[in-house]
Amino acid sequence: MNEPTRIPPLADLLLRWSLTADDYEVISGDLLEELQTAISGKAAARRFWHQALLAALRLGVARRAVIGLGAFCVLAFSWFAVMEAVLRHPYYPLRLTLALLIAALSVMTIISLRGGSGARWRWVQRGWFPLGALGAWAFVSNLRAPDVEGYIALMSAALEAQSLLCLLAMPPVPRS
Amino acid sequence: MAETLGTLEQATLLSVWRLAKGAYGRSVVLELEARLGRRISAGAAYATLARLEERGLLSSRLESGTSARGGRARRFYTVEKSGLTALQQAHSVAKSIWKGIALPLRGRP
């Protein structure tokens, strides 16, 4: 029998990197079973296997990107909130509240992606609708302003990217 | 409110129901391919299963794996009561839409 009897080490590493612990166990088990038994033939087994790996990689990249952007947003918007509290620009209570909301939702996003219920994740995703719109508005407004602020461009772009990834690229139920 | 199901969601729910106690990721993909007569990407199948579970139409449990899987766990799926209701609703809607229409379809009714 010429079928490989174990997942190639590099692919196994990529799967482990891409998926949560439960999903890695289940999906790598399905792949291993497919390789061992080749129920639907060798070509179909290879195709199924490559598709699963690619899908897992897409998900893994999106998940890591959301966690990275989330960590950036927590730090950046916490700093922004502190600066607003200290400098007291016009409308600072509103800006301070929004910055804290964004930081809090970013924390919730990271916690949810590291394991949690589908219900909590649904609420997190809903939260990214208005905040994503806010990010887009801030990004465009800043670009149209006479003096473009680099930090606002960076923070609003991160906010927008996080929102889009959470809404479009992530699975309905992130598992631990 | 009744759940609206897409074609792949209906086929996935029915596959899980048909496979009964043997419904896990890979077996569902094979059943889907057999029933739909086309290839189903693994990513689409797993994402559909997760979405149906999130909507409460399916539930899942982890069970220990066989030697062919290197002992790795299997996630088995079960159709919930709300899933059966959604399937029956989808069937009623399809029947209602097609009622009185003779096949094959011609250019004019």
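Above: the structure in question.
Residues numbered from 1 in each chain as written. Chains lettered and ligands numbered in written order. Predicted model: local features only at pLDDT ≥ 70, side-chain atom pairs only at ≥ 80, totals over all residues. Heavy atoms only, no water.

Undergrad: Provide a residue-level description of the overall build of chain A, including the pertinent values.
TA: The number of helices and strands found in chain A is six helices and zero strands. In sequence order, chain A lays out its α and β elements as α-α-α-α-α-α. Relative to its full complement of 176 residues, chain A shows a buried share of 43%. The long-range share in chain A, meaning contacts at least 24 apart out of those at least 6 apart in sequence, stands at 71%. Counting only carbon and sulfur atoms, one obtains 69% of the accessible surface of chain A, whose full area is about 9200 Å². (Helix = DSSP H or I, 4+ residues; strand = E, 2+ residues; numbered from the N terminus. Buried < 20%, exposed > 50% of the residue type's maximum accessible area, 1.4 Å probe, protein only. Contact = heavy atoms within 4.5 Å. Areas by Shrake-Rupley, 256 points an atom, 1.4 Å probe, with all protein chains shown as cover.)

Undergrad: Break down the interface of chain B and chain A for me, with residues and values.
TA: Across the contact, 28 residues belong to chain B and 28 residues belong to chain A. Buried surface at the junction of chain B and chain A, summed over both partners, amounts to about 2300 Å²; 54% is from carbon and sulfur atoms. It is R26(B), E54(B) and R72(B) in chain B that bury the most area against chain A; as a group they hold 30% of the surface buried on that side. There are twelve residue pairs in polar contact (both at pLDDT 80 or more) connecting chain B and chain A. For the side of chain B that touches chain A, the secondary-structure elements that each account for two or more residues are α2 (25-36), α3 (42-54), β1 (58-63) and β2 (74-79) of chain B. Of the residues forming the side of chain B that touches chain A, the biggest block, eight residues, is contributed by α3(B). (Buried area = accessible area lost by both parts, 1.4 Å probe. Polar contact = N/O pair within 3.5 Å; in protein donor to acceptor, adjacent residues only side chain to side chain.)

Undergrad: Tell me about the packing of aromatic side chains, and please be specific about residues and values.
TA: Under the definition given, this model contains three aromatic pairs over all chains. On the numbers, 5.8 Å between centres and 90 degrees between planes, the contact of W79(A) with Y151(A) is edge-to-face. In this pair, W79(A) sits in helix α3 (residues 42-87) while Y151(A) sits in helix α6 (residues 150-169), placing the two residues 72 residues apart along the sequence. By relative accessible area, W79(A) is classed as partly exposed at 43%. We classify Y151(A) as partly exposed; its relative accessible area is 33%. Here the aromatic cluster, defined as three or more aromatic residues joined through ring pairs, consists of W79(A), F80(A) and Y151(A). Its end group placed over the ring of W123(A), R126(A) keeps NZ or CZ at 4.7 Å from the ring centre. The positively charged end of R74(B) is found above the aromatic ring belonging to Y24(B), 4.2 Å away from the centroid. (Phe/Tyr/Trp six-rings, centres within 6.5 Å; stacked < 30°, edge-to-face > 60°. Lys NZ or Arg CZ within 6 Å of the ring centre and 35° of its normal.)

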